[in-house]
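In case you want the letters, here they are:
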Amino acid sequence: MKTPIHLWIVGIVSLLWNAGGAADYVMAKLSLGPYTPPLDAALADFFNNLPAWYTAAWAIGVWFSLLGSIMLLLRSRIASSAFGMSFLGLAIASVYTFFVLDSSPMRDAGTGAMLFTLAIYVVLIILYIYARAMTRRGVLR
């Protein structure tokens, strides 16, 4: 089956979107950019003291999403599974960040942080649904 042009568009745009998430993850883990103390010591302290399971969930959310985008571009049916795993990682990290902790820099950032997290969920769900649809149509093998 010929690859529809929209697959390339969705794949490239999602790759750029998810590369932004991967860059954010790397900057947070290496204390670069906005995470550099003393630029934002509270944020750097937060990321340096996260439990290992949270870091694993966050990493799964970020890297599986990036993998999903790459798999879309490679026309692999693994894309939907990667987006599904990413959703699981994002959900675990979000519940901890926004509902379990008494205080976190992301929750304390207010409505903007919540809306951006919501946008991440929406994009991820759309990518998952898109990858499933492309698999059913035989575009992803």
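Note that the structure is predicted; figures quoted are calculated from it, not measured.

Visitor: Before we move on, can you summarise the packing of helix α4 (residues 78–100) against helix α6 (residues 111–136) with the specific residues and values?
Guide: With their axes 9 Å apart at the nearest point, α4 and α6 run at an angle of 160° to one another. Relative to α6, the element α4 lies roughly antiparallel. Crossing of α4 against α6: the hand is left-handed. Contacts from Ala79, Ser80, Phe83, Gly84, Ser86, Phe87, Leu90, Ala91, Ser94 and Phe98 in α4 reach Ala113, Met114, Thr117, Ile120, Tyr121, Leu124, Ile125, Leu127, Tyr128, Ala131 and Arg132 in α6.

Visitor: Can you break down the packing of aromatic side chains residue by residue, with the values?
Guide: Enumeration over the complete set of coordinates arrives at 8 aromatic pairs. Both rings, one in Trp53 and one in Tyr54, keep their centres 6.4 Å apart while their planes meet at 75°; by these two values the pair is edge-to-face. Exposure remark for Trp53: the relative accessible area of 46% places this residue in the partly exposed category. A relative accessible area of 3% places Tyr54 in the buried class. In textbook terms, an aromatic cluster arises when at least three aromatic residues are bridged by ring pairs, as seen for Tyr25, Trp53, Tyr54, Trp58, Trp63 and Tyr96.

Visitor: Pulling in residues and values, what's your account of helix α2 (residues 41–48)?
Guide: Because each turn of an α-helix spans 3.6 residues, side chains separated by three or four positions end up pointing in the same direction. Looking at α2, one finds that the buried residues are Leu43, Ala44, Phe46 and Phe47. The arc that holds the buried residues of α2, viewed along the axis, is 160°, so those residues lie on one side.

Conventions and cut-offs
Residues numbered from 1 in each chain as written. Predicted model: local features only at pLDDT ≥ 70, side-chain atom pairs only at ≥ 80, totals over all residues. Heavy atoms only, no water. Axes fitted to C-alpha atoms, helices over the stretch in contact; angles between N-to-C directions. Helix = DSSP H or I, 4+ residues; strand = E, 2+ residues; numbered from the N terminus. Parallel < 35°, antiparallel > 145°, perpendicular 65-115°, else oblique. Left-handed = near helix turned anticlockwise from the far one by under 90°. Contact = heavy atoms within 4.5 Å. Phe/Tyr/Trp six-rings, centres within 6.5 Å; stacked < 30°, edge-to-face > 60°. Buried < 20%, exposed > 50% of the residue type's maximum accessible area, 1.4 Å probe, protein only. Arc of directions from axis to C-beta.

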